[in-house]
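What the coordinates show
Here's the letter readout for the chains.
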Amino acid sequence: MATGKLRNQKIYFTLICLLLFSPTLIAQQTESADITATPPAPVTEVVAFDTPNDAGSSITICWKKSSDDRPDDRLFAGYKILRAVYPRGEFQQTADAPAGAEETFDNEAKDGVEYTYRIRAVRGDLYSDSDASPPAQSKQQWFHTGRVNALIGCLIIGLAIIFFINRAKSGKELYIRKIAGLEAVDEAVGRATEMGRKIFFIPGINDVDNMQTIAGITILGRVAKRVAEYDAKLEVPVCRSLVMVACRETVKGAYLNAGRPDAYDEDAIHYLTDEQFGYAAGVDGLIVREKPATIFYQGAFFAESLILAETGNYIGAIQIAGTAMPAQLPFFVAACDYTLIGEELFAASAYLSKEPKLLGSLKGQDVGKVVILLAILIGIVIHTLGLFNFAQIFTVR
Amino acid sequence: MRRQIPQLLTAIVGFVYIIQFFIPHKPFNLFERMFSDWFLIIAACAIWLGVLNLLKLSSEKVYKRGKDWPYSLVSICGFFLITIAGLFFSGGRHFQDPGTPFDYVYVNIFTPLSATMFALLAFFVASASYRAFRARSKEATLLLLAGFFVMLGRVPVGDLITSWLPEGYRLSNLTDWIMNVPQTAGQRAIMIGIALGIMSTSLRVILGIERTITGGE
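Residues numbered from 1 in each chain as written. Chains lettered and ligands numbered in written order. Predicted model: local features only at pLDDT ≥ 70, side-chain atom pairs only at ≥ 80, totals over all residues. Heavy atoms only, no water.

Counting secondary structure elements, chain A contains 10 helices and 13 strands. The C-alpha radius of gyration of chain A comes to 34 Å, more than 25% above the 21 Å expected for a compact globule of 397 residues. In terms of overall dimensions, chain A has a C-alpha envelope of 100 × 75 × 50 Å along the principal axes. Per-residue burial over chain A gives 47% buried out of 397 residues. Surface accessibility of chain A: about 19,700 Å² in total, with carbon and sulfur atoms responsible for 58%. One finds the centroid of the 39 positive side-chain charges in chain A at a distance of 2 Å from the centroid of its 46 negative side-chain charges. (Helix = DSSP H or I, 4+ residues; strand = E, 2+ residues; numbered from the N terminus. Rg over C-alpha atoms; globule rule 2.2 N^0.38 Å. Buried < 20%, exposed > 50% of the residue type's maximum accessible area, 1.4 Å probe, protein only. Areas by Shrake-Rupley, 256 points an atom, 1.4 Å probe, with all protein chains shown as cover. Lys, Arg positive; Asp, Glu negative; His and termini not counted. Charge placed at Lys NZ, Arg CZ, Asp CG, Glu CD.)

This is the structure we're talking about:
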């Protein structure tokens, strides 16, 4: 009896719910059916033009999106790009663009062939095509106009460097500020000689295609010459095969220039592994076992910088670091005796060689700094007065 | 001749790289790709130089029972273990697939060892910070204060302590200011110096003024 009453109550409740919600459900279904039944509004203002500053084979297509392309319209699927050879070619799909897009690139165009484009707006199974764009053809450019500023900057700084190199060659004395880390190189090599312990040189973990590694190897050349002159022992564990080859050639040349080719030991420059932490573990092991008196870290370093430098600090070695990785500089400053910060790494070779030609290039670099400083000051004034977007001049595309 | 040819090649490749940055037209755009491919091919071949060097030195040490030779033995065993597992027991080209012996060695030996090394960083950061943050001079005191506020501002308790201050003047805002203004300014100055340094060093190497890298004086 009670079960029958409960069943009746359930039936009544279901009927009431259906009565209450049926208008909403019907309305939603009708609306949904209406949306599905209507094709989207077509795209307008379709233009196509050669993509600027490229090596050809690319046409940029721009349009004003369909008025039905709204985030709340879930049925709107996006756009299809249709391409035809102008004037009588057949339109074929060449690319897709997502909803909300108003620009895309046709990177499969043939240079010199005129194309026209239609944009198909797609909603569900329905679509609508735009009018055809005016014809456009792709071509290669002989100069990247977005990089004129970079060219001017390179010319100013490059010419300044060449000017000061020539000036130094003519015998003019150039003042170069003292860099504490480089002044300490002799002391560090001398200390290792007196203690009869090794000098470690770590040229970073990047390959020879990185300018920091190149700078590190040039410093190695200067350090190796001092090592040869002092008759100390040098060990260079490396992370890349090509770096090993370059380091060997450099150290061999340095020993030869110091008049000690007999003291050169090829095996002192050896490969460990390409793996970052494997390399860190290998070098740490060497540091702890060999207890070098001096350690140089010169090149590109990442997370392993502090692991290496703290281990060196733990065994009490004199440590001279240099890197152009801003994120690693604080670690080296905290754990090493001397740190070459950024540009000092690149200046080190010239500084150690004391060769006028190389020192001249450092002066040219200073001209670049003066130019940038002036630009910053002018920029501050112009932006404060709200005259125009001065920073835009320095944007390289 | 042994030094001139590398210098000549350096100059040619260097100038081509500079030119292709400004001229997208053929053939300059192709050179960049070509030289990059050449580098990858040479680097891939050169890996054998490194591997053979490692094996040669380690084998010599083990054979002569040199100082710390057991470490060299571990290196040799590790090298052959992963090479044999990858080449002969892991299904050829699919050696990196999950479940292969190569993958087993990689996941269960190599990855934990790398993670262990990386984890050491936490302890080293603590010891290095302790030394760096000792207020021995004006600069070090400034560093200590900046570090203190940044660390405190990065955790919820920082804002909780300063919750009585108006919105925008709390510790997290001070941290953001330190990171966005003085820190960014300093870092940008370093970056400008680095860019100029790279340019100057590149020119020296390309023009053959800096010859240390090719074994010259």
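What follows continues from the structure just given.
Residue and element names in this part refer to chain A. Taken in spatial order, the four strands of this open sheet run 4-3-6-7, and their pairing is antiparallel. On the outer flanks of this sheet lie strand 4 (92-97) and strand 7 (126-129), each paired with one strand and no other. Direction aside, the axes of adjacent strands within the sheet are offset by 30° on average. (Pairing = 2+ DSSP bridges. Axes fitted to C-alpha atoms, helices over the stretch in contact; angles between N-to-C directions.)

Next up on the list: the domain arrangement of chain B. All names here are of chain B. The domain boundaries assigned to chain B delineate domain 1 (1-66) and domain 2 (135-217). Inter-centroid distance (C-alpha atoms) of domain 1 to domain 2 is 34 Å. Of the residues lining the interface, eight residues belong to domain 1; the matching set on domain 2 comes to seven residues. Between domain 1 and domain 2 the total buried area reaches about 630 Å² when both faces are included, carbon and sulfur atoms providing 70% of it. In this structure, the connection of domain 1 to domain 2 is made through zero salt bridges. For the pair domain 1 and domain 2, the number of links is zero residue pairs in polar contact (both at pLDDT 80 or more). Among the residues making up the side of domain 1 that touches domain 2, the classes are represented as four nonpolar, three polar and one charged. (Domains from an automatic or database assignment. Contact = heavy atoms within 4.5 Å. Buried area = accessible area lost by both parts, 1.4 Å probe. Salt bridge = Lys/Arg side-chain N within 4 Å of Asp/Glu carboxyl O. Polar contact = N/O pair within 3.5 Å; in protein donor to acceptor, adjacent residues only side chain to side chain. Nonpolar A, V, L, I, M, F, W, Y, C, P; charged D, E, K, R; others polar.)

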